[in-house]
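Observations on chain architecture
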Amino acid sequence: MPLHKAHSICVARVLLLVVIVMSDMTNGGVQGPIEGYNTLEEMMMTTTDRAQAAMLLPTAPTVAYTHPKWMEPYFDPSTPRNVTALMGKNAYLSCRVRNLANKTVSWIRHRDIHILTVGSYTYTSDQRFQATHHQDTDDWTLQIKWAQKRDAGMYECQISTQPVRSYFVRLNVVVPTATILGGPDLHVDKGSTINLTCTVKFSPEPPAYIFWYHHEEVINYDSSRGGVSVITEKGDVTTSFLLIQNADLADSGKYSCAPSNADVASVRVHVLNGEHPEAMQTGSSGCQYNWLTIVLLLALVLCYSQQCTAALPPQLPGAAAATAAAAEASESATATATSRKRCPAVASCRQAASHGNTQTQAQSQAKRHCHR
């Protein structure tokens, strides 16, 4: 064998050995170049035969690539499906999408089937809507600024697959409400304790603070008067208690509860100095009346009405004058009728009428006499 031919074969064998080693390392480990073969020539012959056999076989049709199911985009099931937002504040709707790849995420409002955002772009003239992508959490968040009651409803997070995949999130917009129990008027006895209770409901989070006002001025708990304290309990329903000990007449007036996230609630307090003991405040429930008090009040009203009726004169001056005028008119009418009956000319007129046309002149004279 010539020297140059032997050198070529040696180089080919070395290259083939490097390819096999690299292939085994890619598959997860080095298996040895001649494992399963007795000699390197046998291995090369087998590899050559296989390559030639593959060239002689008919070409198989190309099969389309199928994306594995576990590689397709899907929604994180832990994403909240119900979101509650405070009216006038920002609302955030989350949509976590795994394995998004080259697909896009869109937000659609179901009320009018309006596309709000596609990816990070906004497709609505209402600039309150904006989509934000957080790459670290695969979260596509729809932000609604200054949420209003009309924004409440169903929203759809959609992936541009075939067919499309959707995830639905419902938005609730609530208005916190503050109420003072026992209003609108409370009556307390002088020297007792004024106990006002303010509750804040329908708030997704407790108010940051609650201020109490008396006559439109903030109550100072450290004033020289003393005996004023406030206790606030935060939770799903936040409650604030205002306690004013040893109530005086100057403590009467309008009291207001002003939470940071709700409208102001007011009540009017009346400090009584011994008047109407039945109207005293019992605890914090306000004025309470029992059935005996109501019966006594009705009895007093009936008694007073009967006394007023008995004290009235039999006829009022105006009524007497009207009665006298009516009687006088009746008597005048009766006298006129009697005078007509007694007038001798009436009889003459009737007789003249009975004689016919021959006595027309006499009848006319009798009538003129009667009219006189």
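Residues numbered from 1 in each chain as written. Predicted model: local features only at pLDDT ≥ 70, side-chain atom pairs only at ≥ 80, totals over all residues. Heavy atoms only, no water.

On to the overall build of the chain, then. Within the chain one finds six helices and 20 strands. Put simply, the chain has 372 residues, and 26% of those count as buried. Here the chain displays about 25200 Å² of accessible surface, and carbon together with sulfur accounts for 58% of that area. (Helix = DSSP H or I, 4+ residues; strand = E, 2+ residues; numbered from the N terminus. Buried < 20%, exposed > 50% of the residue type's maximum accessible area, 1.4 Å probe, protein only. Areas by Shrake-Rupley, 256 points an atom, 1.4 Å probe, with all protein chains shown as cover.)

The subject of this paragraph is the state of the cysteines. This structure, assessed with the given rule, holds two disulfides. Note on cysteine connectivity: Cys95 is disulfide-linked to Cys157, with sulfurs 1.9 Å apart. In this structure the cystine formed by Cys95 and Cys157 twists about its S-S bond by roughly -80°; its chirality is therefore left-handed. Taken together, the residues Cys95 in the loop between strand E3 (91–93) and strand E4 (97–98) and Cys157 in strand E10 (residues 153–159) connect sequence positions 62 residues apart. Cys157 carries the same exposure label as Cys95, and that label is buried. For the chain, the bonded cysteines pair up as 1-2, 3-4 when numbered in the order they occur along the sequence. (Disulfide = S-S within 2.5 Å.)

It is worth spelling out the sheet that holds strand E12 (residues 177–180) at this point. What the four strands build is an open sheet, ordered E12-E14-E18-E17; its pairing is antiparallel. Edge strands, defined here as strands with exactly one partner in the open sheet, are E12 and strand E17 (228–233). Taking each pair of neighbouring strands and ignoring which way they run, the sheet shows an average axis angle of 15°. When E17 meets strand E18 (residues 238–244), the two strands line up antiparallel, connected through six bridges. Bridge pairing links Thr232 to Ser240 in E18. (Pairing = 2+ DSSP bridges. Axes fitted to C-alpha atoms, helices over the stretch in contact; angles between N-to-C directions.)

Overall, antiparallel pairing links the three strands, which are arranged E3-E9-E8 in an open sheet. Pairing within the sheet leaves two strands with one partner each, and these edge strands are E3 and strand E8 (129–134). Ignoring which end each strand starts from, the neighbouring axes of this sheet average 25° apart. Relative to strand E9 (residues 139–144), E3 is paired through three bridges, and the arrangement is antiparallel. Considered in E9, the bridge of Ala91 is made with Ile144.

Our next topic: the pairing of E18. Most of E18 sits inside the fold, with five of its seven residues counted as buried. Once E17 ends, the chain turns through four residues before running back antiparallel as E18.

Any two side chains of opposite charge can pair, given that their charged atoms come close. Within this structure, the stated rule accounts for eight salt bridges. With a shortest N-O distance of 3.3 Å, Asp138 and Arg98 are connected by a salt bridge. Taken together, the positions of Asp138 in the loop between E8 and E9 and Arg98 in strand E4 put the pair 40 residues apart, joining distant regions of the chain. Overlapping salt bridges bring together Asp76, Arg98 and Asp138 as one network. (Salt bridge = Lys/Arg side-chain N within 4 Å of Asp/Glu carboxyl O.)

What follows concerns the packing of aromatic side chains. For the coordinates displayed, the defined rule picks out two aromatic pairs. Just above the ring of Tyr167 sits the side chain of Arg81; from NZ or CZ to the centre is 4.0 Å. (Phe/Tyr/Trp six-rings, centres within 6.5 Å; stacked < 30°, edge-to-face > 60°. Lys NZ or Arg CZ within 6 Å of the ring centre and 35° of its normal.)

Within the secondary structure, Gly274 is located in the loop between strand E20 (265–272) and helix H3 (291–311). Residues Gly274 and Lys190 lie 84 residues apart in sequence; the distance between their C-alpha atoms is 7.6 Å.

This part covers the environment of Val173. Here Val173 lies in strand E11 (residues 165–174). Sequence-wise, Val173 and Lys149 are 24 residues apart; in three dimensions their C-alpha atoms are separated by 5.7 Å. Those residues in contact with Val173 that lie beyond four places of it in its chain are Ala85, Met87, Ala147, Gln148, Lys149 and Ala152. (Contact = heavy atoms within 4.5 Å.)

Turning next to unusual backbone geometry. Cis geometry is found at the peptide bond from Gln162 to Pro163, where omega equals 0°. Within the secondary structure layout, Pro163 lies in the loop between E10 and E11. The backbone of Asp138 shows a phi angle near 55°, a positive value even though the residue is not glycine. Within the chain, His215 stands out as a residue other than glycine whose phi angle is a positive 55°. Along the chain, His215 falls in the loop between strand E15 (210–214) and strand E16 (217–218). On the accessibility criterion, His215 (45% relative accessible area) is partly exposed.

Taken together, the side chains of Ile115, Tyr121 and Tyr123 make up a nonpolar region of the molecular surface, amounting to roughly 370 Å² of accessible area. On the secondary structure map, Tyr123 appears in the loop between strand E7 (121–122) and E8. (Patch = residues over 30% accessible without salt bridge, like charges linked within 9 Å, V, L, I, M, F, W, Y side chains within 5 Å.)

Moving on: the nonpolar core. Counting 23 residues, the largest nonpolar core has Leu93, Val97, Trp107, Leu142, Ile144, Tyr155 and Leu171 as its most contacted members. At the level of elements, strand E2 (82–86), E3, strand E5 (105–109), E9, E10 and E11 are the ones that each hand at least two residues to this core. It is E11 that contributes the most residues to this core, four residues altogether. Among all residues touching Leu142, those that are not within four sequence positions of it are Ala91, Tyr92, Leu93, Trp107, Leu116, Thr117, Phe129, Gln130 and Tyr155. One finds Val188, Leu196, Ile244 and Cys257 within the second-largest nonpolar core, a separate group that totals 22 residues. (Core = buried A, V, L, I, M, F, W, Y, C linked by side-chain atoms within 4.5 Å.)

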